[in-house]
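# Residue-level structure breakdown
Here are the chains, one letter per residue:
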Amino acid sequence: MKFISTLIIFVFEMNEVIGQNNFNYSLPQNTEIKYDYNSFINNPDISWGEELFIQYNYPEIDSNLKITNYILNGQVSGKLKSYISNGMGFDKVKFDKNIFYKEVDKEYYNQKELYNILSNSFEFHEILFIENHILKTHIVSGGICYKVITELGLNLGSVVNTYSSLNYFKTKTTSNNDSVVFLGKTSTILNFDSLENKIGIKKTFGMNLTYNLWYDLSKGFNKVVDLQNKKLLDKENVLDYPLNLNEQQSAKASTYFNSVGLNQNWYYNKSKDFFYNKIISVDLYLLVNNQKTFDQLLEKRFTIIFDNL
């Protein structure tokens, strides 16, 4: 009981300190082609995988290194390499069929865009995957976001000029002597049901991310807390766990799964020029009916803590 109480307290405290992240995401271009950076997904220990471009805004930045300025100055000076991706729509640069990233020199920058930089905002090419029942992430590249402003002053959103910090899977790892900067914590809600209707690198038995995580819990992998009832679930009860504990014939909670919240700690390896993050927990959101207004609400109901933490 002491362990259960400690875990529940940890989950509630952790969810309080992680701020909600504003983000945009899109699907990668030319995804019918298998590139070398995502070939690792064929590993039989990986049961699920998804690939996307997603924009993060960091709530905390290390005071000793302004990461946006550091990356920008490195790219402009040529000290850090710059890349464009296949599908960005640049007619002057031709790509071979199986090439996704191509290096460009520092002269590629449009100097006018440098004044419209979005502070501490990056778009990452990110691959999420479940390996040996643990949800992990791999950052292929990162790109500084710029505001797109018309001559009339209309803000059309954001765009990435070039990407940097290219890291093909397992080519760069952090060692004890590396200079590593902690960038902050993000909490991002993604609806993988809608995403995976369009693309998914890998699925086992057709299960999406939510059901894959839930099934693993029923087999004794990882821990899950019911936030509403402040209860740690037993593996035997996971698959049939009811939406409402007070109703004898309540529908299964899994019927209402809608979105996944990723809680991540972010880092930049300055010595080797690559980004990475660690998933510290996952929140499962349910789409339920409000009993008073009869509107549908997105409710954060469960938090999963992985066995590797």
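Residues numbered from 1 in each chain as written. Predicted model: local features only at pLDDT ≥ 70, side-chain atom pairs only at ≥ 80, totals over all residues. Heavy atoms only, no water.

### What about the confidence of the model for the protein chain?
Inclusion rule: For every residue, the predictor assigns a confidence score, pLDDT, that lies between 0 and 100. Under the scheme used here, helices are H or I runs from DSSP no shorter than 4 residues and strands are E runs no shorter than 2 residues, and both carry numbers assigned from the N terminus. Contact definition: two residues touch when any of their heavy atoms are within 4.5 Å.
Predicted confidence across the protein chain gives a mean pLDDT of 79, with 72% of residues reaching 70 or more. In the model of the protein chain, strand E1 (residues 25–26) stands out as the element of lowest mean pLDDT, 43, in contrast to strand E9 (residues 223–226), which has the highest, 96. Of the regions scoring below 50 in pLDDT, residues 2–10 engages in 12 contacts with residues more than four places distant in sequence or in other chains. Note that residues 12–32 has pLDDT below 50 and, in this model, 60 contacts with residues that lie over four places away or in other chains.

### A closer look at the packing of aromatic side chains
Put simply, the rule reads: Within 6.5 Å between ring centres, the rings of Phe, Tyr and Trp (the latter by its six-membered ring) count as paired, and their orientation is classed by plane angle as stacked under 30 degrees, edge-to-face over 60, tilted in between. For the exposure calls, accessible area comes from a 1.4 Å probe over protein chains only, and a residue counts as buried if that area is under 20% of its type's maximum, exposed if over 50%, partly exposed in between. Here, a charge over a ring means that NZ of Lys or CZ of Arg falls within 6 Å of the ring centre while also lying within 35 degrees of the ring normal.
A complete count under the given rule lists 24 aromatic pairs for this structure. Ring centres 4.6 Å apart and planes at 55° place the aromatic pair Tyr56 and Trp266 in the tilted group. Here Trp266 lies in strand E11 (residues 257–269) and Tyr56 lies in strand E2 (residues 46–57), a separation of 210 residues in the sequence. Classification of Trp266 as buried rests on a relative accessible area of 0%. Measuring from ring centre to ring centre gives 5.2 Å for Tyr267 and Tyr276, while their planes differ by 15°; the resulting arrangement is stacked. The structure contains a cluster of three or more aromatic residues connected by ring pairs, namely Tyr56, Tyr70, Phe122, Phe124, Trp266, Tyr268 and Phe275. Across the ring face of Tyr267, the terminal group of Lys278 is positioned such that the distance to the ring centre comes to 5.7 Å.

### So, helix H2 (residues 67–77)
Defined as follows: An arc is given here, and it is the one of the directions from the helix axis to the C-beta atoms.
Inspection of H2 places Ile67, Thr68, Ile71, Leu72, Gly74 and Gln75 among the buried residues, and these make up the whole buried set. Buried residues of H2, seen end-on, are gathered within an arc of 165° and therefore sit on one face of the element.

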